[in-house]
Amino acid sequence: MRLDKFLKVSRIIKRRTVANEACDADRVLVNGKPQRASYNVKQGDILEIQLGSKLFKAEILQINEFAKKEDAPLMYRTIE
């Protein structure tokens, strides 16, 4: 699954266009490296997202094409 779509489906970022812009601005790191929105995420990848002054860090646990609001937090585990 593409990185921008994962961010939207998991509801880490609410809109795919916003996720795309964050990737273009190098505010999204996967395993310590800035990645483009087209990067294919895998289970076990570590995401670091700079959201304003906050740093959000999470590990991808599962990848689902669609997720209900209740199931979205099960797709990742917050670190720190």
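None of the values given here were measured: they were computed from a predicted structure.

Asker: Looking at this structure, I do not really get the nonpolar core. What am I missing?
Answerer: Among soluble globular proteins, nonpolar side chains are generally buried collectively. The biggest cluster of nonpolar side chains holds 23 residues, and the ones touching the most others in it are Leu3, Phe6, Leu7, Ile12, Val28, Val41 and Leu47. Listing elements by their share of this core, those giving two or more residues are α1 (3–9), α2 (16–24), β1 (28–30), β3 (46–51) and β4 (54–60). Looking at this core element by element, the count peaks at four residues for α1. Not counting chain neighbours up to four residues away, the residues in contact with Ile12 comprise Phe6, Leu7, Leu47, Ile49, Phe56 and Tyr76.

Asker: Help me out: how do you make sense of the pattern of salt bridges in this one?
Answerer: Oppositely charged side chains are able to pair whenever their charged atoms sit close together. Counted according to the given criterion, the structure contains four salt bridges. Residue Asp4 pairs with Arg2 through a salt bridge whose shortest N-O separation is 3.1 Å. With a relative accessible area of 33%, Arg2 lands in the partly exposed category. Between Glu59 and Arg77 there is a salt bridge; the shortest N-O distance is 2.3 Å.

Asker: Hey, could you run me through unusual backbone geometry in this one?
Answerer: Peptide bonds are, in most cases, trans, and in most cases residues other than glycine have a negative phi. We note that Asp26 has phi near 60 degrees; this positive angle belongs to a residue other than glycine. Inspection of the secondary structure assignment puts Asp26 in the loop between α2 and β1.

Conventions and cut-offs
Residues numbered from 1 in each chain as written. Predicted model: local features only at pLDDT ≥ 70, side-chain atom pairs only at ≥ 80, totals over all residues. Heavy atoms only, no water. Core = buried A, V, L, I, M, F, W, Y, C linked by side-chain atoms within 4.5 Å. Buried < 20%, exposed > 50% of the residue type's maximum accessible area, 1.4 Å probe, protein only. Helix = DSSP H or I, 4+ residues; strand = E, 2+ residues; numbered from the N terminus. Contact = heavy atoms within 4.5 Å. Salt bridge = Lys/Arg side-chain N within 4 Å of Asp/Glu carboxyl O.

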